[in-house]
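# Structure assessment
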Amino acid sequence: MCSCSKDDTSSLWEWEEPELPVTPVKSKPRYIWIDAAANFPDFANSKENIIRDLNLAKDAGFTDIVVDVRPTTGDVLFKTNVADPVKYLYAWISGRYTQVQRTAEWDYLQVFIDEGHKLGLKVHAAINTMVGGNTTNNGTGVMYRDASKAEWATQMNTASGIVSVMHTNESIKFFNPVREEVQQYVCDILKDLAQYNIDGIILDRGRFPGFTKRFFLIIRERNLKNILKRK
């Protein structure tokens, strides 16, 4: 014998949630990246424009400024005896790439640091780590100016064989990170950059230009080492 009754709609496992204390969470940092070439028309020769835009960034709620101080030419926008200073960059102006000269002699990075810190902003320096040239203006950068450093170029696996990136249509010319001279050169640049009162250093393009280039470079270097060992 059994009987039926209306289903009990209440759930035995439901209970009233206790009120939990609210723990304040620190707001996340907000970064803005200052690309060198894109902002060169405004910033290359004008401290006033840098100060103006840092104030705008602060008012917009940004907490951290990332300053690109080694663009894809491989030249630099800070003081060092290792790499050459940027003398010009190409920026997109009125529908075409236009050369923008830097005639100012004041320290580009230092102005961002001084003025940014006055506003309570953190200032980070970013470099394009393994680049040494760019095709702009028929070639700009240390690998175009210095034949000995052109030998530092990465190698590319093309349809016609393995050739230097300097002899391809790749716009950004990468160093071969395997070479000890390249590693020392970049480390020397970083040593000088680290002397600044910056809040961080960001390494962009700290790599080979692509997977196939890296693969063939590693194979070639290992084969060379094995050959030297056998000799």
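Description of the structure in this document. (Residues numbered from 1 in each chain as written. Predicted model: local features only at pLDDT ≥ 70, side-chain atom pairs only at ≥ 80, totals over all residues. Heavy atoms only, no water.)

### Quick look at the side chain of Arg-70
As a reminder, the rule being used: The numbering of helices and of strands both runs from the N terminus, where a helix is a DSSP run of H or I of at least 4 residues and a strand a run of E of at least 2. In this scheme, a residue with accessible area under 20% of its type's maximum is buried, one over 50% is exposed, and one in between is partly exposed, where area comes from a 1.4 Å probe on protein chains only. Neither His nor the chain ends contribute to the count of charged residues, in which Lys and Arg are positive and Asp and Glu negative. Any carboxyl oxygen of Asp or Glu that lies within 4 Å of a side-chain nitrogen of Lys or Arg is treated as forming a salt bridge with it. Pairing of N or O atoms within 3.5 Å defines a polar contact, subject to two protein rules: one partner must be a possible hydrogen donor and the other a possible acceptor, and residues neighboring in sequence count only if both atoms are side-chain atoms. Here, two residues are considered to be in contact whenever any of their heavy atoms come within 4.5 Å of each other.
Examined against the element boundaries, Arg-70 turns out to sit in strand S2 (residues 64-70). Of the side chains with opposite charge, Asp-75 lies nearest to the buried Arg-70, which makes no salt bridge, at 6.9 Å. A distance of 2.6 Å separates a polar atom in the side chain of Arg-70 from the backbone oxygen of Asn-128. A polar contact is formed between the side chain of Arg-70 and the backbone oxygen of Val-131, at a distance of 2.9 Å. Ignoring sequence-local partners within four residues, the contact set of Arg-70 consists of Asp-75, Val-76, Ala-126, Ile-127, Asn-128, Thr-129, Met-130, Val-131, Phe-175, Tyr-185 and Ile-189.

### Some words on the layout of surface pockets
How we decide: Definitions used throughout: a 1 Å grid over protein atoms alone; a cavity as a set of points that fits a 1.4 Å probe which cannot get out; a pocket as an open set with protein on both sides within 12 Å along at least five of seven lines; a lining residue as one with an atom within 4 Å of a point. Grid points are joined across faces, edges and corners, and a volume is the space filled by probe spheres set on the points. When residue character is reported, Ala, Val, Leu, Ile, Met, Phe, Trp, Tyr, Cys and Pro are called nonpolar, Asp, Glu, Lys and Arg charged, and the others, Gly included, polar.
Put simply, the largest pocket is a space of about 300 Å³. Lining the largest pocket are 18 residues, and of these Ala-37, Pro-71, Thr-72, Tyr-90 and Asn-134 lie nearest its centre. When grouped by side-chain class, the residues that make up the lining of the largest pocket number 9 nonpolar, 5 polar and 4 charged. In terms of lining, the second largest pocket is formed by 15 residues, of which the most central are Val-76, Phe-78, Lys-79, Pro-85 and Arg-102. Residue composition of the lining of the second largest pocket, by class: 9 nonpolar, 1 polar and 5 charged.

### Thoughts on the packing of aromatic side chains
The test is simple: Any pair of Phe, Tyr and Trp rings, taking the six-membered ring for Trp, is counted once the centres come within 6.5 Å. Such a pair is stacked with planes under 30 degrees apart, edge-to-face with planes over 60 apart, and tilted for the rest. Note on criteria: charge over ring means Lys NZ or Arg CZ within 6 Å of the ring centre, with the direction from the centre no more than 35 degrees off the ring normal.
Per the counting criterion, the structure on display carries 8 aromatic pairs. The interplanar angle of 75 degrees and the centroid separation of 4.9 Å between the aromatic rings of Trp-92 and Tyr-97 together place this pair among those described as edge-to-face. The residues Trp-92 and Tyr-97 share a single accessibility class, namely exposed. Arranged with centres 5.3 Å apart and planes meeting at 55 degrees, the rings of Tyr-108 and Phe-112 form a pair that is tilted. Note that Tyr-108 and Phe-112 are positioned in helix H3 (residues 108-118) at a spacing of 4 residues, about one turn of the helix. We note that Tyr-108, like Phe-112, is buried. One aromatic cluster is present, formed by Phe-43, Tyr-108 and Phe-112 through successive ring pairs. Its end group placed over the ring of Phe-62, Arg-30 keeps NZ or CZ at 5.4 Å from the ring centre. Over the ring of Trp-106 we find Arg-102; its NZ or CZ atom is 4.7 Å from the centre of that ring.

### Re the sheet that holds S2
For the record, the criterion: Pairing between strands is defined by DSSP: at least two bridges between the two strands are required. Between N-to-C directions, angles cover 0 to 180 degrees, with each direction set by a line fitted to C-alpha atoms, over the stretch in contact for helices.
If you walk across this open sheet you meet the 4 strands as S1-S2-S5-S10, and the pairing is parallel. Pairing within the sheet leaves two strands with one partner each, and these edge strands are strand S1 (31-34) and strand S10 (200-204). Strand-to-strand twist of the sheet, defined as the mean angle between neighbouring strand axes without regard to direction, takes the value 25 degrees. Two elements, S1 and S2, share 4 bridges in a ladder whose sense is parallel. Bridge pairing in S2 links Ile-32 to Ile-65.

### Some points on the nonpolar core
Quick reminder of the rule: As used here, the term nonpolar core means buried Ala, Val, Leu, Ile, Met, Phe, Trp, Tyr and Cys residues forming a set that is joined through side-chain atoms within 4.5 Å.
One finds Val-69, Leu-109, Phe-112 and Leu-193 to be the most contacted residues of the largest nonpolar core, which totals 49 residues. In contact with Leu-109, not counting residues within four places along its chain, are Val-67, Val-69, Leu-77, Phe-78, Ala-125, Leu-193, Tyr-196 and Ile-198.

### Digging into the pairing of strand S5 (residues 122-128)
Summarising burial for S5: 6 of the 7 residues are buried, a large majority. With 6 bridges connecting them, S2 and S5 associate as parallel partners. Its bridge partner lying in S5, Val-67 is registered against Ala-125. The pairing of S5 with S10 spans 5 bridges and is classified as parallel. Paired with Ala-125 across the two strands is Ile-201, which belongs to S10.

### Topic: the environment of Ala-150
Relative to the assigned elements, Ala-150 resides in helix H5 (residues 147-150). Sequence separation between Ala-150 and Lys-173 is 23 residues, and the spatial gap between their C-alpha atoms is 9.7 Å. With residues near it in sequence (within four places) discarded, Ala-150 still touches Met-143 and Met-166.

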